[in-house]
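One letter stands for each residue in the lines below.
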Amino acid sequence: IMTMALSLPAAIVIMVASVSVCSWEDAYRRNYQVFSMPSLRRSVESYINTGASDLHDILESGKYAPTFGWLETRYLLKDLLKHTVLHFDSHNQDNIDEGYNKGNDWFAAFLGSSTMTYTSGIYSTGEETLEEAQNNKIDYVADAIQLQPGNSVLDIG
């Protein structure tokens, strides 16, 4: 029984480590400066914590490798195990507070101030900015549901 109890956590650790190593290898092969530049996630986290730098540059420049690093690894090993193997209802409130109770200023800075679209975008050519992709998504949905002037839409994800 003890062997079975340890097999799930061991399998998760092995999978997380494999994903992390492969993401860094992929970034290196794509010529990202993985040893001299922070990852995309670290750059965004730094922006959130300090407000320094240019969020548009971070997200759109292609300078920062989208690697699976320590922050993601820590989340999976700490929170994912805690929230799956040892899940309690109190964890739900913690997740809501951390993920959603940030205020409109944060969402405008992170999601784009014109639409604050939380649920993706459509990149037709791959060259669009985040704001253009968000507007493409809004246009697509409006066409798909035959939205008419005066109608309202609530996008809840």
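A brief report on the enclosed structure follows. Model, not experiment: these values are computed from the prediction.

Focus: the pattern of salt bridges
Logical step 1: Under the counting rule described, the total for this entry stands at five salt bridges.
Logical step 2: The partner of Arg-30 in a salt bridge is Asp-26, with the nearest N and O atoms 3.0 Å apart.
Logical step 3: A salt bridge links Arg-41 to Glu-72, with the shortest nitrogen-to-oxygen separation between them at 3.5 Å. Taken together, the residues span a long stretch of sequence, with Arg-41 in helix α2 (residues 40-50) and Glu-72 in helix α4 (residues 70-84) at a distance of 31 residues.
Logical step 4: Its relative accessible area of 34% is what places Arg-41 among the partly exposed residues.
Logical step 5: The class for Glu-72 is buried, based on a relative accessible area of 14%.

Remarks on helix α7 (residues 130-144)
Logical step 1: Taking 1.5 Å of rise per residue, the 15 residues of α7 would be expected to cover 21 Å, and the 21 Å separating its terminal C-alpha atoms lies within 8% of that figure.
Logical step 2: Taken together, the buried positions of α7 are occupied by Ala-133, Gln-134, Lys-137 and Ala-142.
Logical step 3: Downstream of α7 by one or two residues, Gln-146 has phi in the positive range, about 55 degrees.

Remarks on the side chain of Ser-39
Logical step 1: Mapped onto the fold, Ser-39 is located in the loop between α1 (2-29) and α2.
Logical step 2: Within the structure, Ser-39 has its side chain in polar contact with the backbone nitrogen of Arg-42 (distance 3.1 Å).
Logical step 3: With near-sequence residues (within four places) excluded, Ser-39 lies in contact with Tyr-64, Ala-65 and Thr-67.

What counts as what
Residues numbered from 1 in each chain as written. Predicted model: local features only at pLDDT ≥ 70, side-chain atom pairs only at ≥ 80, totals over all residues. Heavy atoms only, no water. Salt bridge = Lys/Arg side-chain N within 4 Å of Asp/Glu carboxyl O. Helix = DSSP H or I, 4+ residues; strand = E, 2+ residues; numbered from the N terminus. Buried < 20%, exposed > 50% of the residue type's maximum accessible area, 1.4 Å probe, protein only. Expected span 1.5 Å × (residues − 1). Polar contact = N/O pair within 3.5 Å; in protein donor to acceptor, adjacent residues only side chain to side chain. Contact = heavy atoms within 4.5 Å.

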